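Breakdown of the fold
Listed below are the residues making up each chain.
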Amino acid sequence: SQALVIRHLSKTYANGFQALQGIDLTVEEGDFFALLGPNGAGKSTTLGIVSSLINKTEGQIEVCGIDIDKDFATAKRQLGVVPQEFNFNQFEKVLDIVVTQGGFYGMPLAQARSRAEHYLKALGLWDKRHQASRMLSGGMKRRLMIARALVHQPKLLILDEPTAGVDIELRRSMWDFMREINAQGTTIILTTHYLEEAESLCRNIAIIDQGKIIKNSSMKSLLQEL
Ligand code: ADP
Ligand code: ADP
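Bear in mind that the values here come from a model prediction, so they are computed numbers and not experimental data.

This brings us to the environment of Lys121. With respect to the element layout, Lys121 can be found in helix H4 (residues 109-122). When its relative accessible area of 45% is taken as the criterion, Lys121 is described as partly exposed. Only 2.5 Å separates the side chain of Lys121 from the side chain of Glu117, close enough to count as a polar contact.

Spelled out as structure tokens, the structure:
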């Protein structure tokens, strides 16, 4: 079955700019999928609409078979989202941010705590758990958002440039982490500027340019064409 189906998606922003011009895309359950394309192509707009952070103009989105317009509450439980912008409370402590997110999903406190511990340890943030989030480096803030996005164990994890501005050593350890999450059954969709990142991680890709999908294939066949 499909983790994500996008049909005829278009987006015209309030200023009249048409950022997406009828996108069709399917991501199978269990896939590690890259959405590639130049700056301004429409990657964040697409993922923002899937996460309901941005309103679409036209089209249909299904997350794990659920139409987000019909039952967003259920679709949302299947989704973990890490946007590009840091969007947590900068005064709140690292551990509290992740535990609180568990609370939003109706989890018992003990479970929220143990999952927060698990993901903060896996992402190398456990030592920082009592620090206010504003004290973290950019790469740590990015990892904090990943821990927070995983606390309810979503089926589909959306990562918008998860390793932007992260040095190569840390990037590699984040790759290992993402591979492990994927191997455990979580479908992952990521956008990235680094082709070698997509090459190393992803089985399937779509390339978006000026609001249109110009390529949709396996990573392997893309590399054979280059
Ligand atoms: P939506 O259609 O999803 O409600 P809007 O079109 O209302 O989004 O825009 C959201 C905000 O982003 C507005 O405040 C707008 O000024 C701002 N914005 C405008 N142009 C850009 C741009 N090129 N990139 C990012 N943000 C922009
Ligand atoms: P990408 O993630 O591929 O870099 P985006 O989805 O952020 O691209 O942006 C696609 C296009 O839409 C860009 O030209 C951007 O300037 C424009 N855009 C993004 N947000 C807004 C907005 N709120 N209002 C108007 N234009 C926007």
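Turning next to the nonpolar core. Ranked by internal contacts, the top residues of the largest apolar core, which has 44 residues, are Leu120, Leu144, Ile146, Leu159 and Met178. Met178 has contacts with Phe32, Leu159, Pro162, Thr163, Ile188, Leu190 and Leu201, leaving out every residue within four places of it along the chain. Counting 26 residues, the second largest nonpolar core, distinct from the first, contains Ile6, Leu25, Ile66 and Ile158.

Positioned with a positive phi, Glu161 is a non-glycine residue whose angle comes to about 50°. Checked against the element boundaries, Glu161 lands in the loop between strand S7 (156-160) and helix H6 (168-183). Residue Glu161 is classed as buried on the basis of its relative accessible area of 11%. The phi dihedral of Gln210 is positive, around 45°, even though this residue is not glycine. Topologically, Gln210 is positioned in the loop between strand S9 (204-209) and strand S10 (212-218).

Okay, the site of ligand 1 next. All residues in the neighbourhood of ligand 1 are listed as Lys11, Tyr13, Ala14, Ile54 and Asn55. Contact between ligand 1 and Lys11: an oxygen atom at 2.7 Å from a side-chain N or O atom of the residue. The backbone of Ala14 places a nitrogen or oxygen atom 2.9 Å from an oxygen atom of ligand 1. Taking 560 Å² as the accessible area of ligand 1 by itself, protein coverage stands at 28%. Taken together, the residues of the shell around ligand 1 sort by class into three nonpolar, one polar and one charged.

To continue, consider the pairing of strand S8 (residues 187-191). By the criterion of burial, S8 is predominantly enclosed, with five of the five residues buried. Covered by surrounding structure in S8 are Thr187, Ile189 and Thr191 together with Ile188 and Leu190, the residues of both alternating faces. In terms of strand pairing, S7 meets S8 through five bridges, oriented parallel. Paired with Ile158 across the two strands is Ile189, which belongs to S8. Handedness of the β-α-β unit built from S7, H6 and S8 comes out right-handed.

This brings us to the side chain of Arg143. Structurally, the position occupied by Arg143 is in helix H5 (residues 138-150). Although Arg143 is buried, it makes no salt bridge; Asp167 carries the closest opposite charge, 7.9 Å away. For Arg143, the residues in contact, after removing those within four places along its chain, are Leu123, Gly124, Leu125, Leu170 and Met174.

With the rule as written, the count across this model stands at one aromatic pair. Seen from their ring centres, Phe86 and Phe88 are 6.0 Å apart, and the 40° between their planes marks the pair as tilted. The ring of Tyr194 carries Arg171 above its face, with NZ or CZ at 3.8 Å from the centroid.

This part is about the site of ligand 2. Taken together, Tyr13, Asn15, Phe17, Ala19, Pro38, Asn39, Gly40, Ala41, Gly42, Lys43, Ser44 and Thr45 make up the full set of residues near ligand 2. In the model, a nitrogen atom of ligand 2 is placed 3.4 Å from a nitrogen or oxygen of the Tyr13 side chain. Take Gly40: an N or O atom from its main chain is 2.7 Å from an oxygen atom of ligand 2. For ligand 2, whose free accessible area comes to 560 Å², the fraction covered by protein is 64%. For the shell around ligand 2, the element with the highest residue contribution is helix H1 (residues 43-50), accounting for three residues. Each residue belonging to the shell around ligand 2 can be placed in one class, and the counts come to five nonpolar, six polar and one charged.

Reading guide: rules and limits
- Numbering of residues starts from 1 in every chain and runs along the sequence as written.
- As they are written, the chains are lettered A onward and the ligands numbered 1 onward, keeping that order.
- With pLDDT at 70 or above as the cut-off, local features in this predicted model cover only qualifying residues; side-chain atom pairs require 80 or more to be listed or tallied, and sums for whole chains, interfaces and linings still use all residues.
- Only heavy atoms go into the side-chain values, all of them from the structure, while hydrogens and water stay out.
- Helix and strand assignments follow DSSP, with helices taken as H or I runs no shorter than four residues and strands as E runs no shorter than two, numbered in order from the N terminus.
- Partly exposed residues are those whose accessible area sits between 20% and 50% of the maximum for their type, while under 20% is buried and over 50% is exposed, using a 1.4 Å probe and protein chains only.
- Counting of polar contacts relies on pairs of N or O atoms within 3.5 Å, with two restrictions inside protein: one atom must be capable of donating a hydrogen and the other of accepting it, and residues adjacent in sequence are counted only when both atoms are side-chain atoms.
- Among buried residues, those of type Ala, Val, Leu, Ile, Met, Phe, Trp, Tyr and Cys that are joined through side-chain atoms within 4.5 Å constitute a nonpolar core.
- Contacts were defined at the residue level, with two residues in contact if any of their heavy atoms lie within 4.5 Å.
- Only heavy atoms are used to decide nearness, and a residue is near a molecule or strand if one of them lies within 4 Å of it.
- The method behind every accessible area is Shrake-Rupley, applied with a 1.4 Å probe, and residues are considered shielded solely by the protein chains displayed.
- Gly is placed with the polar residues, together with every amino acid not listed as nonpolar (Ala, Val, Leu, Ile, Met, Phe, Trp, Tyr, Cys and Pro) or charged (Asp, Glu, Lys and Arg).
- One bridge is not enough; two strands pair if DSSP finds at least two bridges between them.
- Classification remark: right-handed applies to a crossover when, strands pointing away from the viewer, the course from the first strand over the helix to the second runs clockwise.
- Asp and Glu count as negative and Lys and Arg as positive, but His and the ends of the chain are not part of the count.
- For salt bridges, the criterion is a side-chain nitrogen of Lys or Arg within 4 Å of an Asp or Glu carboxyl oxygen.
- Two aromatic rings from Phe, Tyr or Trp, using only the six-membered ring of Trp, form a pair when their centres are within 6.5 Å; if the ring planes differ by under 30 degrees the pair is stacked, by over 60 it is edge-to-face, and anything between is tilted.
- In this analysis the charged atom, NZ for Lys or CZ for Arg, is taken to sit over a ring once it is within 6 Å of the ring centre and within 35 degrees of the ring normal.

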